[in-house]
Amino acid sequence: MRLLWASLLVLAMAASALAQDYPTRNVTFIVPTGAGAATDLLARILAPQLADRLGKPIVVENRPGAGTLTASNAVARSDPDGYTILMGTSTPLAINATLYKHLPYDPVKDFVPLALIATIPFVLVVSNDLPVHSVAELIAYAKAHPGELSYGSTGPGTPFHLNGELFSAMTGIQMVHVPYKAVVDAQVDLMGGRIQVMFTDFTSSVPLIKDGKDARAGRDHQGARGGHAGARSDRGERRAGLRCRGLADGGGAGSDAAPRRRQLHGALEAVMALPETRNAITRIGLVPADSRSIEDLQAFVRSEIVRWGEVVKRSGASVD
């Protein structure tokens with residue numbers, strides 16, 4: 001069954017901010033992942049182009065941890081002045097709504113979507129020390145060694161985590177979840193054999209896959225929205241593609257923030273229309289998305305909360 005993972009990129013801004021004289025100082029992109037992850041790379045592609053249009057620098061700040069709660073909650077609680085922007089994923093805007101019993105923010109009321117940015121492929125990778133060469137062999141091995149395999153993630157509720165939980169539930173295997181603060185930390189342990197399995201974004205894994213240092217992986221599993229397909233690397237390894245949609249959102253729920261939201265939305269649309277932006281996104285293994293209105297994006301976020309809620313419930317994942 002293919003797992004389709006949505007990734008919502010969020011811009012959180014003032015609830016009472018006005019558009020005039022904006023911005024007058026640096027704007028900060030808060031990234032809920034460590035350096036080198038797909039969301040981080042995407043933020044660094046967008047930042048200079050957006051800065052050119054806003055007339056002020058965009059500073060990229062990484063705040064990984066707690067399955068994106070560290071960054072998303074910080075932005076939700078920041079001064080509502082339009083200068084703190086969250087480059088989020090599906091986790092803070094969709095997954096967390098069901099995953100957490102007591103979420104400290106409202107993903108619908110506290111964030112307003114601005115632009116759909118990219119599709120981020122995910123892959124299933126395994127340590128080279130593991131004696132398997134396909135998903136079928138991985139499942140058979142896991143069933144023969146229940147509870148002996150560990151899989152890494154970047155925290156509860158992230159696609160890295162839910163991929164593993166849902167995969168285990170669907171195949172009837174038992175794996176131990178090992179959360180990390182950043183994707184690179186998990187990949188280091190994967191290369192060292194301290195964990196054996198990982199569902200991770202293609203962007204951060206492709207150099208390791210090409211070098212043969214990271215993993216072999218098998219065919220992906222088919223889900224409600226698609227068939228299955230595998231791709232062989234030039235080393236004969238198989239990797240499974242798990243797609244996630246990327247989206248950029250801007251927060252701030254008050255009506256006074258509408259002019260600033262429109263300004264940011266228009267600037268992002270202009271940036272995403274540039275061939276150099278789309279080419280840069282493609283070069284890091286992502287698929288550039290088409291433009292949508294804020295109203296369409298708001299409806300999309302609500303639908304993703306419902307869709308991801310079903311995935312979270314099926315996986316059995318829950319955080320108090």
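Scroll up to find the structure this text is about.
A brief report on the enclosed structure follows.

Analysis parameters
Residues numbered from 1 in each chain as written. Predicted model: local features only at pLDDT ≥ 70, side-chain atom pairs only at ≥ 80, totals over all residues. Heavy atoms only, no water. Helix = DSSP H or I, 4+ residues; strand = E, 2+ residues; numbered from the N terminus. Buried < 20%, exposed > 50% of the residue type's maximum accessible area, 1.4 Å probe, protein only. Contact = heavy atoms within 4.5 Å. Areas by Shrake-Rupley, 256 points an atom, 1.4 Å probe, with all protein chains shown as cover. Core = buried A, V, L, I, M, F, W, Y, C linked by side-chain atoms within 4.5 Å. Pairing = 2+ DSSP bridges. Phe/Tyr/Trp six-rings, centres within 6.5 Å; stacked < 30°, edge-to-face > 60°. Lys NZ or Arg CZ within 6 Å of the ring centre and 35° of its normal. Patch = residues over 30% accessible without salt bridge, like charges linked within 9 Å, V, L, I, M, F, W, Y side chains within 5 Å. Salt bridge = Lys/Arg side-chain N within 4 Å of Asp/Glu carboxyl O. Axes fitted to C-alpha atoms, helices over the stretch in contact; angles between N-to-C directions. Right-handed = clockwise from strand over helix to strand, strands pointing away.

Considering the overall build of the chain
So, step 1. Tallying secondary structure elements over the chain gives ten helices and 13 strands in all.
So, step 2. The buried share of the chain, reckoned over its 320 residues, is 57%.
So, step 3. Put simply, of all contacts in the chain between residues at least 6 apart along the chain, 79% involve residues at least 24 apart.
So, step 4. For the chain, the computed accessible surface area is about 12500 Å², with 50% contributed by carbon and sulfur atoms.

A short note on the nonpolar core
So, step 1. One finds Phe29, Leu46, Leu50, Ile58, Ile117, Ile281 and Leu286 to be the most contacted residues of the largest nonpolar core, which totals 48 residues.
So, step 2. Going through the elements one at a time, strand S2 (27-31), helix H1 (38-54), strand S3 (58-62), strand S5 (111-127), helix H6 (183-191), helix H7 (202-211), helix H8 (258-273) and helix H9 (275-283) are the ones with two or more residues in this core.
So, step 3. Other than its neighbours up to four places away in sequence, Leu286 contacts Ala38, Leu42, Ala118, Thr119, Ile120, Pro121, Thr203 and Ile281.
So, step 4. Ranked by size, the runner-up nonpolar core spans 20 residues in total, among them Leu69, Leu93, Tyr100 and Leu162.

What to know about the pairing of S5
So, step 1. Of all the 17 residues making up S5, 16 are buried; the element is thus mostly covered by neighbouring parts of the structure.
So, step 2. Judged from the two bridges that link them, S5 and strand S13 (residues 287-288) form a sheet pairing that is antiparallel. From the neighbouring strand, Ala118 faces S13, where its bridge partner is Pro288.
So, step 3. In this sheet, strand S8 (residues 197-201) lies alongside S5 in antiparallel orientation, the contact comprising five bridges. Its bridge partner being in S8, Val125 is matched across the sheet by Met198.

Quick look at the packing of aromatic side chains
So, step 1. If you walk through the whole model with that rule in mind, you get four aromatic pairs.
So, step 2. The ring centre of Tyr83 lies 3.8 Å from the NZ or CZ of Arg25, which sits over that ring.
So, step 3. When the ring centre of Phe300 is taken as reference, the NZ or CZ atom of Arg292 above it lies at 4.9 Å.

Describing a nonpolar patch on the surface
So, step 1. Taken together, the side chains of Val184, Val188 and Met191 make up a nonpolar region of the molecular surface, amounting to roughly 210 Å² of accessible area.
So, step 2. On the secondary structure map, Val184 appears in helix H6.
So, step 3. In this structure Val184 comes out as partly exposed when scored by relative accessible area, which is 40%.

Section: the environment of Ala74
So, step 1. Here Ala74 is to be found in helix H2 (residues 69-76).
So, step 2. The class of Ala74 is partly exposed, set by a relative accessible area of 24%.
So, step 3. Between the alpha carbons of Ala74 and Leu86 there is a distance of 9.2 Å; along the sequence they are twelve residues apart.
So, step 4. When neighbours within four sequence positions are excluded, Ala74 is seen to be in contact with Arg63 and Leu69.

Description of the sheet that holds strand S4 (residues 84-86)
So, step 1. In spatial order, the strands read S3-S2-S4; together these three strands make up an open sheet with parallel pairing. Here the strands that pair on one side only, and so sit at the sheet edges, are S3 and S4. Taken over all neighbouring pairs, the strand axes of this sheet differ in orientation by 30 degrees on average, direction set aside.
So, step 2. Contacts from H1 reach S2 and S3 within the one sheet, and its direction differs from that of S3 by about 160 degrees.
So, step 3. This element, H2, spans S2 and S4 of the sheet and lies at about 145 degrees to S4.

Some points on the pairing of strand S6 (residues 149-153)
Within a regular strand, side chains alternate between the sheet's two faces.
So, step 1. The buried fraction of S6 amounts to five of the five residues, a majority that puts the element mostly inside the structure.
So, step 2. Side chains Leu149, Tyr151 and Ser153 of S6 all project onto a buried face; the interleaved residues Ser150 and Gly152 project onto the opposite face, where all are buried too.
So, step 3. By the bridge criterion, five bridges tie S6 to strand S7 (residues 175-179) in an arrangement that is parallel. Opposite Gly152, over in S7, you have Val178 as the bridge partner.
So, step 4. Viewed along the sheet, the connection from S6 through helix H5 (residues 159-171) into S7 turns out right-handed.

The quantities given are spatial measurements derived from coordinates; they are silent on function.
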